[in-house]
Amino acid sequence: MLLVLISGFALSQAYRTVTAIFAQGLQADFGLSTASLGLFASLFALTFGAVQLFMGVGIDLYGLRRTVLVTAPLCVLGAVISAWSPNYAWLLAGQALIGLGCAPAFLACTVFIARHFTASQFALVSGISLGLGGVGMLFTGTPLAWLVERYGWRSGFALLGLLSALSWLLIAWKVHEPQGSASTAPRQSWLTAIREFGALLTMPHSWGILSLGLVTYASFLTLRGLWLGPLFMERHGWSLVASGNLALLVSVISLVMPGLFGRMDPGPLRRRQWMVGSVMATAVLYAVLGLLHATWLNVALIIIIVICSGSSVLQYANARSSFPPEATGRAMALLTMAMFLGAGLMQWLTGLFASWAQHYGFDPFAGVMLGIAGMLALGAAGFQAMPMSEQLRKNL
C-alpha cells in the first residue's frame, strides 16, 4: 500500500519540478516575464500547501484511501487544462487544480508511515519513501526535456495527466484501510479537528519548526523546479537537453540523500544541531552560486546543495518527537503545509528578485540565489530562537 501511495507522491514531485523544463516554451508561447514564470511555478506549491490542514483533517476523519481518491481527479483535470490552455490565465487555473489534486499525496505517505512504523524506524522509512517519490523528478530531467524539445511543453502535461490517472486507478485497486481501524467513538467534527490544529500554534516550539519548514524544502524546489534550467541555458548557454541531464543527476542524488540522512539520524538533541548546521551551510552555498559564474563551480555547488538538502527529512523526525502521539497526524500536516506554502512563497519571491535585479542592471540569477540564501538564514535563526518542546525534553 505504501508503494502505491508513493506513486501519487512521485507524480506530485514531477508536477512541482516541470517549470525548469517548460520555462523556455512557456515564455516563448505566452511572453512571460521572470515574475510571471515565478508565479506559475509557485501556484502549485501555494495551493498544495494552503489545503494541507484540510487534507490532514480529511485523513483523520475519513481515512487515507477516501481522501486521496476524492482529491486526485482534480490533478488529472488540471493537467488536461494545462495541456490545452490557450493563454496564461488558463495555465494558472490548471496549475492550481494540479496543486489541489496532489495535496494529500505526501501527507498520506507520511501519516501511513507514522501509524505503521515505530518512532525509531520513522526517519529511515520516511527517507526511503522520499527517495522513491523522487523518481518523479527523474522524469522531469532528461526524459521530459527530450519529449518537450520534440513535441512541446503541452505534450509533457498530457503525459503526466495520463500517468496521474493510472496512479489513481492503482490506489483505488490496492489501498485499503486496515481491518478494525474504524472507531466506535463518535466521529470528530470538522470544527473540532480544525480547532485542534490551531492549538498546535499556541505552542512556542511549533513556530520554530514552522520557521525552518518554510525555507528548507522551498530552497530545493525553487532551484530544481524553477531556476535550474534557466540558469544554465541563459548564464552558460546550455541546451534544454543538457540542462535536463543535470536535472536528472540532481534528481538521482535527491533520491538517495533523504534515506542516508534518515539512517544517520543522530537522535533528538544532536538532530537539532545537524538541522541548523546544514541549513546555514546551504545558505552560504547559495550565496556563492549567485556570485561566482564559473560553469564547473556552479555545477559542483548545485550538487553539494542537493546533498545538504537531504537533511530536511530530519525535520519530520523532529516534528514527530516534539508532539504527543495523538497529535502526530496534525503535526505532520502542519509541517507539510509550511513546507509547501514556503515553496510557493519562495518561488514567487525569487521571480520578483530576478525582475528587480534585471531592472537595476544586475545578474538576475545572483538576485535569486542571494534571496534564497537570506531566507534560509532567517529560517534557521527563527528555529534556533524558539524553545525546544517539553515532549522532546522528556525523550532526551
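Everything discussed here concerns the structure shown above.
Report follows, based on the coordinates. Computed from a predicted structure; not experimentally measured. (Residues numbered from 1 in each chain as written. Predicted model: local features only at pLDDT ≥ 70, side-chain atom pairs only at ≥ 80, totals over all residues. Heavy atoms only, no water.)

Bringing the overall build of the protein into the picture now. Within the protein, the regular secondary structure consists of 22 helices and zero strands. Taking 396 residues into account, the globule formula puts the C-alpha radius of gyration at 21 Å, and the protein, at 20 Å, falls close to it. With the principal axes as the frame, the protein shows a C-alpha extent of 60 × 45 × 35 Å. Split into buried and exposed, the 396 residues of the protein put 59% on the buried side. Accessible area for the protein stands at about 15500 Å²; split by element, carbon and sulfur atoms hold 70% of it. Each charge sign in the protein was given a centre, from 19 positive and 10 negative side chains, and these centres are 7 Å apart. (Helix = DSSP H or I, 4+ residues; strand = E, 2+ residues; numbered from the N terminus. Rg over C-alpha atoms; globule rule 2.2 N^0.38 Å. Buried < 20%, exposed > 50% of the residue type's maximum accessible area, 1.4 Å probe, protein only. Areas by Shrake-Rupley, 256 points an atom, 1.4 Å probe, with all protein chains shown as cover. Lys, Arg positive; Asp, Glu negative; His and termini not counted. Charge placed at Lys NZ, Arg CZ, Asp CG, Glu CD.)

Let's shift gears to a nonpolar patch on the surface. Together, Leu-162, Leu-163, Leu-166 and Leu-169 make up a nonpolar patch on the protein surface, roughly 350 Å² of accessible area in all. Position of Leu-166 among the secondary structure elements: in helix α12 (residues 153-174). Overall, Leu-166 belongs to the partly exposed group, its relative accessible area being 46%. (Patch = residues over 30% accessible without salt bridge, like charges linked within 9 Å, V, L, I, M, F, W, Y side chains within 5 Å. Salt bridge = Lys/Arg side-chain N within 4 Å of Asp/Glu carboxyl O.)

By secondary structure assignment, the location of Ser-164 is in helix α12. Judged by its relative accessible area of 8%, Ser-164 falls in the buried class. If near-sequence neighbours (up to four positions away) are discounted, Ser-164 is found in contact with Leu-11, Tyr-15, Cys-75 and Val-76. (Contact = heavy atoms within 4.5 Å.)

In short, the description is geometric, and any link to function would need to be established separately.
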